[in-house]
Amino acid sequence: MIPMRAGTLVLFSDRPGSGVSLLQALDGVAPCRMRPATRLMPAGDCIGFVADLDLLQPSLLRGLRALIAEAPHLPRLFLLRQGGERTASAARGLGATLCLPDGTSPEDVAEAMRGQLRRPSPPPVPVRGQGSVIAQAADRAGAVLAGLLDAARATGAVDPLLIDDGLDPILDAVGEAGLGAWLDTVRAYDDATYQHCLLVAGLAATFAIGLGLRTRDREHLVRAALVHDVGKARIPLEILNKAGPLDPAERAVMRTHTTLGHALLIEAGGFDQSLLAVVRHHHELLDGTGYPDRLAGAAIPDIVRLITVCDIYAALIERRPYRAPLSTAEAFRILRGMDGKLDLALVRSFEQAVAGMGA
Ligand SMILES: [Fe+2]
Ligand SMILES: [Fe+2]
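The model shown is predicted, which means the values in this text are computed figures rather than measured ones.

Visitor: Could you give an account of the packing of helix 8 (residues 179-186) against helix 9 (residues 192-210), with specific residues and numbers?
Guide: Taken N-terminus to C-terminus, the directions of helix 8 and helix 9 make an angle of 175°; their axes are 9 Å apart at the nearest point. In terms of orientation, helix 8 and helix 9 fall into the roughly antiparallel class. On helix 9, the residues touching Leu179, Trp182, Leu183 and Val186 of helix 8 are Gln195, Leu198, Leu199, Gly202, Leu203 and Thr206. For the contact of helix 8 with helix 9, the class distribution of residues is 7 nonpolar, 3 polar and no charged.

Structure, rendered in structure tokens:
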């Protein structure tokens, strides 16, 4: 049998009260100390660590990434809290050697860590995108989006300032690494709303850069993209995540995400008129056949038209359980065929921007 490595374990926990029994169990494997989320650093003789942390907090993600960059050989075990795919994805992004669901007994966590330590010394497990601007930006923007949707779902107290944390990472990532790399990264998310909003944000960044907008306007367009479907946080999950096309009654419920999101942001306060217009009107079409207000032509502001083009394109190229994503060429063929409904001059500019960004 391979002997266990000697040294100490560290339990990083942001809920020290409930971490005591886990600390005691891990102490039976190797001497273990608990450290708070504010002190993410390994001890000199650390042989492995357990992270019992909220992985959707951007500051914790940054701290963990720095910690793992310093000690890439260490076995690292993550306890996953609610947040489903978003949390699991964050743990995978950090190169977790093992993930266990929250609620796993302290004894089982300790046994799992014992198993990790008995394995031959592993090669460094790469942190996804360590040094990669795309992966870090996706983590950051993903955490911002998660915070936005969770707040919208739970209390409606959405904070406009927190959203701004996700803007520059997306613009920088798309600008430096290209749209194709961004699409590849965010298409890996299983949560459909999450994947969609990050796709639209990357496309909006591409469009803004391609149009040569000033920095402030670029940021505003990406902000609008991140927020445009916030009302989906109030749509029942069985409709939102249905693994197939919606029936007419379900589609009617889904369509209310526009008015729900608009009302939610007005209630929250601090969002400007153009952003409110995007949230309410991004499904309006120039010929008046869209929803919820059947706006037509000049009544639809430019920023809404830009997001609508990004939104429809994203829906065509995203991965759905019931159909394969369309290719760039097929998606643009459909967009160009929407003459009268979409602003075709904008569609042409968008196609040039996408081509210019390498996707
Ligand atoms: Fe929408
Ligand atoms: Fe959308």
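Visitor: Tell me about the nonpolar core, and please be specific about residues and values.
Guide: If you look at the biggest cluster of nonpolar residues, it comprises 74 residues, and the most contacted ones within it are Trp182, Leu265 and Phe350. In terms of residue count, helix 9 provides more of this core than any other element does, 11 residues in total. Aside from chain neighbours lying at most four places away, what touches Leu265 is Val158, Val227, Val230, Phe271, Leu275, Leu276 and Val279. Counting residues in each nonpolar core, the second largest holds 22 residues, with Leu55, Ala71, Ala90 and Leu94 among its members.

Visitor: How would you summarise the coordination of the iron ion (ligand 1) if you had to cite specific residues and measurements?
Guide: Put simply, a metal with four donors set out as a tetrahedron has ideal angles of 109.5 degrees, and one with six donors set out as an octahedron has ideal angles of 90 or 180 degrees. The coordination sphere of the iron ion (ligand 1), as far as protein atoms go, consists of Asp229 (OD), His257 (NE2), His282 (NE2) and His283 (NE2), spread over 2.1 to 2.3 Å. Angles of 84 to 173° at the metal separate the 4 donor atoms of the iron ion (ligand 1), which places the site in the irregular class. All donor residues of the iron ion (ligand 1) come from one chain, and their arrangement in sequence is D-x27-H-x24-H-H. A separation of 3.4 Å is found between the iron ion (ligand 1) and the iron ion (ligand 2), which share Asp229 as a coordinating residue.

Visitor: Report on the sheet that holds strand 3 (residues 46-52), specifying residues and quantitative values.
Guide: In spatial order, the strands read 2-1-3-4-5; together these 5 strands make up an open sheet with parallel pairing. The sheet terminates laterally at strand 2 (32-36) and strand 5 (98-101), the two strands that pair on one side only. Ignoring strand direction, the axes of neighbouring strands in this sheet form an average angle of 20°. Of the pairings in the sheet, the one linking strand 4 (residues 76-80) to strand 5 comprises 4 bridges and is parallel in character. Across the sheet, the residue bridging to Leu79 is Leu100, located in strand 5. Where helix 1 (residues 16-27) meets the sheet, its contacts fall on strand 1 (8-13), strand 2, strand 3 and strand 4, and the angle it forms with strand 2 comes to roughly 155°. Relative to the sheet, helix 4 (residues 106-118) contacts strand 1, strand 3, strand 4 and strand 5, its axis offset from that of strand 3 by approximately 145°.

Definitions and limits used
Within every chain, residues take consecutive numbers counted from 1 along the sequence as written. To read the labels, note that chains go from A and ligands from 1, taken in the order they are written. Owing to the predicted nature of the model, reporting of local features is limited to residues with pLDDT of at least 70; listing and counting of side-chain atom pairs is limited to 80 or more, with chain, interface and lining totals taken over all residues. Water and hydrogen atoms play no part in the side-chain values, which are based on all heavy atoms of the structure. Axis definition: a line fit to C-alpha positions, over the contact stretch in the case of helices; interaxial angles, taken between N-to-C directions, run 0 to 180 degrees. To qualify as a helix, a DSSP run of H or I must reach at least 4 residues; to qualify as a strand, a run of E must reach at least 2; elements of each kind are numbered from the N terminus. By the definition adopted for this analysis, an angle is roughly parallel if under 35 degrees, roughly antiparallel if over 145, roughly perpendicular if from 65 to 115, and oblique otherwise. Contact between two residues is taken to exist if any of their heavy atoms lie within 4.5 Å; hydrogens are not considered. All residues other than Ala, Val, Leu, Ile, Met, Phe, Trp, Tyr, Cys, Pro, Asp, Glu, Lys and Arg, Gly among them, are scored as polar; the first ten of these are nonpolar and the last four charged. The criterion is simple. A nonpolar core is a set of buried Ala, Val, Leu, Ile, Met, Phe, Trp, Tyr and Cys residues joined through side-chain atoms within 4.5 Å. A 1.4 Å probe rolled over the protein chains alone gives each residue an accessible area, and that area as a share of the maximum for its type sets the label: buried under 20%, exposed over 50%, partly exposed in between. Each metal site lists N, O and S donors within 2.8 Å (3.2 Å for Na, K and Ca). With water left out of the atoms, a site can look as if it is missing ligands. Irregular is the label for any site that misses the other tests, which are tetrahedral for four donors with all angles between 85 and 135 degrees, and square planar for four donors or octahedral for six when opposite donors exceed 155 degrees and the remaining angles lie between 65 and 115. DSSP bridges decide pairing: two strands pair if at least two such bridges lie between them.

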